Amino acid sequence: MAAVRRKDPKPKLAVWKFASCDGCQLSLLDLEDELLTLAEEVEIAYFLEATRATVEGPYDLSLVEGSVTTPEDAERIQEVRRVSRKLVTIGACATAGGIQALRNFADVDEFVSTVYASPSYISTLATSTPISAAVPVDFELHGCPVDRYQLLEVVAATIAERRPAIPSYSVCVECKRRGNVCVTVAHGSPCLGPVTQAGCGALCPSCDRGCYGCFGPMESPNTESLTAWMRGLGAETPDLIRAYRSFNANAPAFRAASEREEAAT
């Protein structure tokens, strides 16, 4: 990471967790050497995944992982927004509701009564929603988990007061750059790569597996065309619904695609 010209004092960075698995926060810690350089440029003021020491806000940049799933979440994110000059959501949970947004397609009360011996102790919302559904967001970084170097780019860009250079094209472009043989054309494997935003380096197709859509919908996904193509490969309606209902099930483009299939049954 190149040094960023700044004024003293250092910008304050805060990292917040909502309903999530912590994987995107760990992506920040996985930077290792780059994290030391980052620490020279910003004051890591609040990051409970890394340290119990905290510095009071307001914060120049808040990174938020996780979705809003409880009444407490809905209140807390308002306070986070209030003390944050810039707020960036990181990961599928924060940008689309996450895997827990599968509740949005079912009866959450039925889930609670089935799973918990004392459902009356459970306080939860009927839906799992992205942070942007509750407060204004300055930038969304997709992925499950996010790419650590994309995350570093977002932090550096925010400090430098510029827009992050994050690709909006599909995973197919990454496959082309790596010289991968298309798993759909060559092997007949269903793949969400044509409608999924780049960022993973075409990880699954590079291992001869179809893309699972971890980075969510690309800028202009043609899910209807892809659905027809996968159906031609033998995929049936339940397969197509499951394909779109994974890490980014509640992302508008993927949700619409799965609901079209469900409505047709």
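Since the structure is predicted, the reported quantities are computational estimates derived from the model, not experimental observations.

What to know about the domain arrangement of the protein
Phase 1 of the analysis: On domain assignment, one finds that the protein holds domain 1 (12–159) and domain 2 (171–263).
Phase 2 of the analysis: Contacts between the two partners involve 17 residues from domain 1, matched on the other side by 15 residues from domain 2.
Phase 3 of the analysis: When domain 1 packs against domain 2, the two sides together hide about 1,200 Å² of surface, and 58% of this comes from carbon and sulfur.
Phase 4 of the analysis: Interface area lost by domain 1 to domain 2 is led by F105, H142 and C144, which between them contribute 42%.

Remarks on the packing of helix 10 (residues 237–244) against helix 11 (residues 252–263)
Phase 1 of the analysis: With their axes 8 Å apart at the nearest point, helix 10 and helix 11 run at an angle of 160 degrees to one another. When the interaxial angle is binned, helix 10 and helix 11 end up roughly antiparallel. The handedness of the crossing between helix 10 and helix 11 comes out as left-handed. Residue-level inspection shows T237, L240, I241 and Y244 of helix 10 in contact with helix 11, the latter providing F254, A257, S258, E261 and E262.
Phase 2 of the analysis: For the contact of helix 10 with helix 11, the per-class residue count stands at five nonpolar, two polar and two charged.

A short note on the packing of aromatic side chains
Phase 1 of the analysis: Using the criterion set out here, one finds three aromatic pairs in the structure.
Phase 2 of the analysis: Arranged with centres 4.2 Å apart and planes meeting at 25 degrees, the rings of W16 and Y46 form a pair that is stacked. Of this pair, W16 sits in strand 1 (residues 12–17) while Y46 sits in strand 2 (residues 43–47); the two residues are 30 residues apart in sequence, bridging distant segments of the chain.
Phase 3 of the analysis: Looking at W16, the relative accessible area reads 10%, which means it is buried.
Phase 4 of the analysis: Geometrically, the ring pair formed by W16 and Y59 is edge-to-face, given 5.8 Å between the ring centres and 75 degrees between the ring planes. On the criterion of sequence distance, the pair formed by W16 in strand 1 and Y59 in strand 3 (residues 59–65) is long-range, its members being 43 residues apart. For the residue pair W16 and Y59, the accessibility class agrees, reading buried in each case.
Phase 5 of the analysis: Ring pairing ties together the aromatic residues W16, Y46 and Y59, which thus form one cluster.

Rules behind the numbers
Residues numbered from 1 in each chain as written. Predicted model: local features only at pLDDT ≥ 70, side-chain atom pairs only at ≥ 80, totals over all residues. Heavy atoms only, no water. Domains from an automatic or database assignment. Contact = heavy atoms within 4.5 Å. Buried area = accessible area lost by both parts, 1.4 Å probe. Axes fitted to C-alpha atoms, helices over the stretch in contact; angles between N-to-C directions. Helix = DSSP H or I, 4+ residues; strand = E, 2+ residues; numbered from the N terminus. Parallel < 35°, antiparallel > 145°, perpendicular 65-115°, else oblique. Left-handed = near helix turned anticlockwise from the far one by under 90°. Nonpolar A, V, L, I, M, F, W, Y, C, P; charged D, E, K, R; others polar. Phe/Tyr/Trp six-rings, centres within 6.5 Å; stacked < 30°, edge-to-face > 60°. Buried < 20%, exposed > 50% of the residue type's maximum accessible area, 1.4 Å probe, protein only.

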